[in-house]
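What the coordinates show
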Amino acid sequence: MNELLIGAITGILFGFIMQKAQVIRYDKQMAALRLQDMTIVKFMLTTILVAMVGIYLLFDLGLIKLSLKPLILGGNVLGGLIFGIGWGILGYCPATAMGALGEGRYDSAFGLMGMILGAGLYAEAYPLMKETVLTWGDFGKITIPLALGINHWIVIVILGALFIALFRWFEKKGL
Amino acid sequence: MNILRKTTWSPYTAGVLAGILLVLSVFVMGKYFGASTTFVRVAGFVEQSVAPEKVAGMAYFIKEKVIIDWQFVFVFGVLFGSLASAWLSKEKMAVAVPPMWEARFGPSRVRRWMAAFLGGTVLMFGARLADGCPSGHGLSGLAQIAISGYVSLICFFLAGIILARILYGGGNNHE
């Protein structure tokens, strides 16, 4: 019960923040895919940068566990590309479609219904996928620092510098 | 609290807040953000109401468990958080067709809703095949420097950018 209550509060705060950042709008998501306005990319990469530092700090202190998804090239690449096609049509991703409904963009309700259908269709296809696509290029639960065999803080500093360079470039170009 | 009534926060400010929220969520509850598994559970609940025996025997529903869990309430929380934010800043609610879509494809609601449904279906099939969406792979995956996150997020954007170009054509024609 406590877990559900905290889950709801976390979701409410996340939805509030995303609405204020305007990242749950079709126009903002499509503007990013049309390479005109990088608001959603700025939001995502800033979130990632802050969370990356916080998570690895707590991880080094032994206070949290990582929860890594395995790298399966078949699933990640093929599924990722299929997702991108659907995203380009809908203009909302799953979490932002919920947020869009909350702020009254009710075209997202049809996207959400489609998502439920898509999840059901995948459940039907899963036994086949498990035998085929999900066996292609399975590298297990791997991170960039593990793959390179270097300390994660070196990778965090490099990625942080890259993200900040990207932000500066976006601002310079007015994206 | 004027800040809560403001229409827009900088994506960087919002990103810092969302990053702190993610770190707190992992620290307090051990939960990383994600959204797309919830749609599998909703599909499971819908199918259960018609054919419970079928759902009980399907490998994917057994794997992902048709239950209300932390992520389920988190995803619905996003809707209410966005609603609260939009209400506080007194934004125009009830937008049937996104402005950018309307400028390109006209004001037809049915056309937009059908496209949204189709896009949602395709997107979620891809998200489940990739084992995550921009929240699970994007935010949580990249925050852990998971290679699966980078591969998936790049594929999301790659296919999304191509689709946007097909739908809207090239160039930077605003509106």
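Residues numbered from 1 in each chain as written. Chains lettered and ligands numbered in written order. Predicted model: local features only at pLDDT ≥ 70, side-chain atom pairs only at ≥ 80, totals over all residues.

Structural notes on the overall build of chain A
A count of helical and extended segments in chain A gives 8 helices and 2 strands. When the helices and strands of chain A are listed from N to C terminus, the series reads α-α-α-β-α-α-α-β-α-α. The dimensions of chain A, computed from C-alpha atoms along their principal axes, are 45 × 45 × 40 Å. Here chain A holds 175 residues, and the buried ones make up 53% of them. (Helix = DSSP H or I, 4+ residues; strand = E, 2+ residues; numbered from the N terminus. Buried ≥ 20, exposed ≤ 12 C-beta atoms within 10 Å, placed from the backbone.)

Thoughts on the overall build of chain B
Summing up its helical and strand segments, chain B has 10 helices and 0 strands in all. In chain B, the order of α-helices and β-strands from amino to carboxyl end is α-α-α-α-α-α-α-α-α-α. Oriented by its inertia axes, the alpha-carbon framework of chain B measures out at about 50 × 40 × 35 Å. Looking at chain B as a whole, 54% of its 175 residues are labelled buried. If you take every contact in chain B between residues at least 6 apart in sequence, the share linking residues at least 24 apart comes to 51%. (Contact = placed C-beta atoms within 7 Å.)

Considering the interface of chain B and chain A
Think of interface size as the accessible area that goes away when the parts come together; that is how it is often given. At the interface, 108 residues of chain B touch 106 residues of chain A. Those elements that place two or more of their residues in the side of chain B that touches chain A are helix 2 (11-29), helix 3 (36-50), helix 5 (59-64), helix 6 (70-88), helix 7 (99-105), helix 8 (109-130), helix 9 (134-143) and helix 10 (147-168) of chain B. Sort the elements by how many residues they give to the side of chain B that touches chain A and helix 8 of chain B lands first, with 18 residues. For the side of chain B that touches chain A, the residue count by class is 77 nonpolar, 26 polar and 5 charged. (Nonpolar A, V, L, I, M, F, W, Y, C, P; charged D, E, K, R; others polar.)

Things to note about the domain arrangement of chain B
Residue and element names in this part refer to chain B. Along its sequence, chain B is carved into domain 1 (1-93) and domain 2 (95-175). Computed over C-alpha atoms only, the centres of domain 1 and domain 2 are separated by 18 Å. In this assembly, 9 residues from domain 1 lie in contact with 11 residues from domain 2. Element by element, the count of residues in the side of domain 1 that touches domain 2 is highest for helix 3, at 3 residues. In terms of residue class, the side of domain 1 that touches domain 2 is built from 6 nonpolar, 2 polar and 1 charged. (Domains from an automatic or database assignment.)

Looking at unusual backbone geometry
Residues and elements named next belong to chain B. A positive phi angle is found at lysine 90, which is not glycine, with a value near 50 degrees. Tracing the backbone shows lysine 90 in the loop between helix 6 and helix 7. On the basis of neighbour count, lysine 90 is assigned to the exposed category, with 9 C-beta atoms found within 10 Å. Positioned with a positive phi, isoleucine 145 is a non-glycine residue whose angle comes to about 60 degrees. Take isoleucine 145: it is sitting in the loop between helix 9 and helix 10. Overall, the presence of 24 C-beta atoms within 10 Å leaves isoleucine 145 in the buried class.

Some details on the packing of helix 3 of chain B against helix 8 of chain B
Residues and elements named next belong to chain B. Here helix 3 crosses helix 8 at 110 degrees, and the two axes come no closer than 9 Å. With respect to each other, helix 3 and helix 8 are oriented roughly perpendicular. As for how helix 3 packs across helix 8, the hand of that crossing is left-handed. Residues Ser36, Phe39 and Val40 of helix 3 form the contact with helix 8, whose participating residues are Met124, Ala127 and Arg128. When the residues that make up the contact of helix 3 with helix 8 are grouped by side-chain class, the tally is 4 nonpolar, 1 polar and 1 charged. (Axes fitted to C-alpha atoms, helices over the stretch in contact; angles between N-to-C directions. Parallel < 35°, antiparallel > 145°, perpendicular 65-115°, else oblique. Left-handed = near helix turned anticlockwise from the far one by under 90°.)

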